[in-house]
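Secondary and tertiary structure notes
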Amino acid sequence: MVLDSFRLDGRVALVTGGSRGIGRAFATALAQAGADVALLGRTSPAETVARIEALGRRAYVVPADLDKAGPDEIAGSVESVVAGLGRLDILVNNAGIIRRAAAVTHSPQDWDAVLRVDLDAVFHLCQAAGRVMLGQGHGKIVNVASMLSYQGGIQVPSYTAAKHAVVGLTRALANEWAGGGVNVNAIAPGYIATDNTAPLRADPDRERAIRERIPAGRWGRPEDLAGAVVFLASDAARYVHGTVLPVDGGWLAR
């Protein structure tokens, strides 16, 4: 039955930045579909762990600060998941930061920090997970892109650069790894009500301008992304490679 191909029973997923917001929604959705879930991040994911375990799935916490972790530490984190949960089938690169400032005043420190977390760490996690997945002949990697993978945005040059690069990286890895049984795709969330968008929602003019441009007529919720991540992590997407799936309330169609 086609619905069976969406199930993730017996599989292990690693989600970065799973302590709140979109990451928590991703982790919960994967657990609902049957996966055990490892959570990598620098803040405690206690609430997410509770949700996963309430669903009868295993949760495994991997403390790591992607702003500071180098390639070796990141590879060690992936190895820890395999040791702790016995395998690794799915990687969701969700963790990200944003720094808002006009381009002429955007500091080198902010530029470097955003690129480290939003691009460098994504590559190193893909690389480490890819070694495991290519070795076993199967795996799913889901990167998190953005509407700013398509557009320039305002006062977010480092974030925009990183999210454009994530799309290129997704396609490059898909080209190399599809033949080895590893699917590499991305989700591009639209304007979702999270901590990262709190400054926009706190500005009445910006909030209204964004909402009025969304054909669905509302900001997205983290849970609106749940179906997309389960699909791309499942056998239902076995012939989907190098795709960027917008979940944006129609923003890009406008």
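Rules behind the numbers
- Residues numbered from 1 in each chain as written.
- Predicted model: local features only at pLDDT ≥ 70, side-chain atom pairs only at ≥ 80, totals over all residues.
- Heavy atoms only, no water.
- UniProt positions renumbered as here; feature names shortened; annotations may be inferred.
- Buried < 20%, exposed > 50% of the residue type's maximum accessible area, 1.4 Å probe, protein only.
- Helix = DSSP H or I, 4+ residues; strand = E, 2+ residues; numbered from the N terminus.
- Pairing = 2+ DSSP bridges.
- Contact = heavy atoms within 4.5 Å.
- Salt bridge = Lys/Arg side-chain N within 4 Å of Asp/Glu carboxyl O.
- Axes fitted to C-alpha atoms, helices over the stretch in contact; angles between N-to-C directions.
- Parallel < 35°, antiparallel > 145°, perpendicular 65-115°, else oblique.
- Left-handed = near helix turned anticlockwise from the far one by under 90°.
- Nonpolar A, V, L, I, M, F, W, Y, C, P; charged D, E, K, R; others polar.

The protein has the name 2-dehydro-3-deoxy-D-gluconate 5-dehydrogenase KduD in an unreviewed UniProt entry, where Plantactinospora solaniradicis is given as its organism. The annotation that UniProt attaches to the protein under Sequence similarities (unreviewed entry) is "Belongs to the short-chain dehydrogenases/reductases (SDR) family."

**So, the pairing of strand β1 (residues 12–16)**
Taking burial as the measure, the 5 residues of β1 include 5 buried ones, the bulk of the element. Side chains Val 12, Leu 14 and Thr 16 of β1 all project onto a buried face; the interleaved residues Ala 13 and Val 15 project onto the opposite face, where all are buried too. Two elements, β1 and strand β2 (residues 36–41), share 5 bridges in a ladder whose sense is parallel. Bridging across to β2, Val 12 finds its partner in Asp 36. Across 3 bridges, the pairing between β1 and strand β4 (residues 90–93) is parallel. Along β4, the bridge assignment pairs Val 15 with Val 92.

**Some thoughts on the UniProt feature "domain: Ketoreductase" (unreviewed entry) in the protein**
In this numbering, the UniProt entry assigns the feature "domain: Ketoreductase" (unreviewed entry) to residues 11–213. Here residues 11–213 is 50% helix and 17% strand, with 39 Å between the C-alpha atoms at its ends.

**Describing the side chain of Asp 36**
Mapped onto the elements of the fold, Asp 36 is located in strand β2. For Asp 36, the contacting residues outside a window of four places in its chain are Arg 11, Val 12, Ala 13, Arg 57 and Arg 58.

**Observations regarding the pattern of salt bridges**
Inspection of the entire model under this criterion finds 13 salt bridges. Note that Arg 7 is salt-bridged to Asp 9, the shortest N-O span being 2.8 Å. A residue is classified by how much of its surface remains accessible, and Arg 7, at 35% relative accessible area, is partly exposed. By relative accessible area, which is 47% here, Asp 9 ends up partly exposed.

**Overview of the packing of helix α3 (residues 71–85) against helix α4 (residues 108–136)**
With their axes 9 Å apart at the nearest point, α3 and α4 run at an angle of 45° to one another. Viewed along their axes, α3 and α4 adopt a mutual orientation that is oblique. Here α3 and α4 pass one another in a crossing that is right-handed. Across the interface between the two elements, Pro 71, Ile 74, Ala 75, Val 78 and Val 82 of α3 pack against Ala 121, His 124, Leu 125, Ala 128, Ala 129 and Val 132 of α4. For the contact of α3 with α4, the per-class residue count stands at 10 nonpolar, 1 polar and no charged.

**Thoughts on the sheet that holds strand β3 (residues 59–63)**
Spatially, 7 strands are ordered β3-β2-β1-β4-β5-β6-β7 in an open sheet, and the strand pairing comes out parallel. If you trace the sheet from one side to the other, it starts and ends with β3 and β7 (244–247), each paired once. Pairwise comparison of adjacent strand axes, ignoring direction, gives a mean angle of 20° for this sheet. Summarising the sheet, strand β6 (residues 182–189) and β7 pair through 4 bridges and their orientation is parallel. Across the sheet, residue Ala 188 finds its bridge partner in β7, namely Pro 246. This element, α3, spans β1, β2 and β3 of the sheet and lies at about 155° to β3.

**A closer look at unusual backbone geometry**
Apart from glycine, the bulk of residues carry a negative phi angle, and the bulk of peptide bonds sit in the trans form. A positive phi is found at Gln 155, a non-glycine position, where the angle reads about 60°. Summarising the element assignment, Gln 155 is placed in the loop between β5 (139–144) and α5 (157–177). Residue Gln 155 is classed as partly exposed on the basis of its relative accessible area, which comes to 46%.

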